Amino acid sequence: REHKAEVLERIRLSNAVSLGGSKHTAEAKRSRSRQMQTHLGHVLERFARLARRSDPFPGEVLDVLGREVVIISSEVPLFAAALARARLEREVKRTHAQRCWPSKSLLAVLRLNLEAFDSDGGASRHPVVTPMML
């Protein structure tokens, strides 16, 4: 568990959007932002894939991945919100089409979204959390 957390942290820190000072060009910052977006996509996909597992349920790994998603989401918030909303819409359509209860993967992603996109107690509208509440 510690090794996975350390690897994810090193990847995140080496691609941090805020890395460097004013001497870095806007192009370098955009490049790091794209790298962070790619990393977020991979971490979210891994989270969703592991959340579908039932035997054994990988709770510790999901905790590590979840913490990473929350941190990365704060660095690329617009991309993270768009990604979360698209995943949410896709999962809801699939659930409605199958006329079934939400899968544990969907429930895990919903909980992760609530942690990543805290909207000050629900007092305001939020592009990801508000549709989840509906």
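Everything that follows concerns the structure shown earlier in this document.
I will try to describe carefully the structure that is included in this document.

Rules used in this analysis
Residues numbered from 1 in each chain as written. Predicted model: local features only at pLDDT ≥ 70, side-chain atom pairs only at ≥ 80, totals over all residues. Heavy atoms only, no water. Helix = DSSP H or I, 4+ residues; strand = E, 2+ residues; numbered from the N terminus. Buried < 20%, exposed > 50% of the residue type's maximum accessible area, 1.4 Å probe, protein only. Contact = heavy atoms within 4.5 Å. Areas by Shrake-Rupley, 256 points an atom, 1.4 Å probe, with all protein chains shown as cover. Patch = residues over 30% accessible without salt bridge, like charges linked within 9 Å, V, L, I, M, F, W, Y side chains within 5 Å. Salt bridge = Lys/Arg side-chain N within 4 Å of Asp/Glu carboxyl O. Lys, Arg positive; Asp, Glu negative; His and termini not counted. Charge placed at Lys NZ, Arg CZ, Asp CG, Glu CD. Axes fitted to C-alpha atoms, helices over the stretch in contact; angles between N-to-C directions. Parallel < 35°, antiparallel > 145°, perpendicular 65-115°, else oblique. Left-handed = near helix turned anticlockwise from the far one by under 90°. Nonpolar A, V, L, I, M, F, W, Y, C, P; charged D, E, K, R; others polar. Core = buried A, V, L, I, M, F, W, Y, C linked by side-chain atoms within 4.5 Å.

**A look at the overall build of the protein chain**
Then, number 1: Along its length, the protein chain carries six helices and zero strands.
Then, number 2: Reading the secondary structure of the protein chain in the N-to-C direction produces α-α-α-α-α-α.
Then, number 3: Out of the 134 residues in the protein chain, the part that is buried amounts to 35%.
Then, number 4: A sequence separation of at least 24 residues applies to 62% of the contacts in the protein chain between residues at least 6 apart.
Then, number 5: Surface accessibility of the protein chain: about 8,800 Å² in total, with carbon and sulfur atoms responsible for 56%.

**Topic: a positive patch on the surface**
Then, number 1: On the surface, Lys4, Arg46, Arg49, Arg52 and Arg53 cluster together to form a positively charged patch.
Then, number 2: Relative to the helices and strands, lysine 4 resides in helix H1 (residues 2-14).
Then, number 3: Exposure remark for lysine 4: the relative accessible area of 45% places this residue in the partly exposed category.

**Considerations on the packing of helix H2 (residues 26-51) against helix H5 (residues 104-116)**
Then, number 1: For the pair H2 and H5, the least separation of the axes is 8 Å and the interaxial angle reads 140°. It follows that H2 is oblique to H5 by the angle criterion. You can see that H2 and H5 cross each other, and the crossing is right-handed. Counted together, Leu44, Phe47, Ala48 and Ala51 of H2 and Lys104, Ser105, Ala108, Val109 and Leu112 of H5 form the full contact between these two elements.
Then, number 2: Of the residues in the contact of H2 with H5, the class split is seven nonpolar, one polar and one charged.

**As for the nonpolar core**
Then, number 1: Leu40, Phe47, Leu65, Val69, Val76 and Phe117 are the most contacted members of the largest nonpolar core, which totals 23 residues.
Then, number 2: At the level of secondary structure, the elements contributing two or more residues to this core comprise H2, helix H3 (59-75), helix H4 (77-98) and H5.
Then, number 3: The leading source of residues in this core is H2, at seven residues.
Then, number 4: If sequence neighbours within four positions are ignored, valine 76 has contacts with Val17, Ser33, Met36, Gln37 and Leu40.

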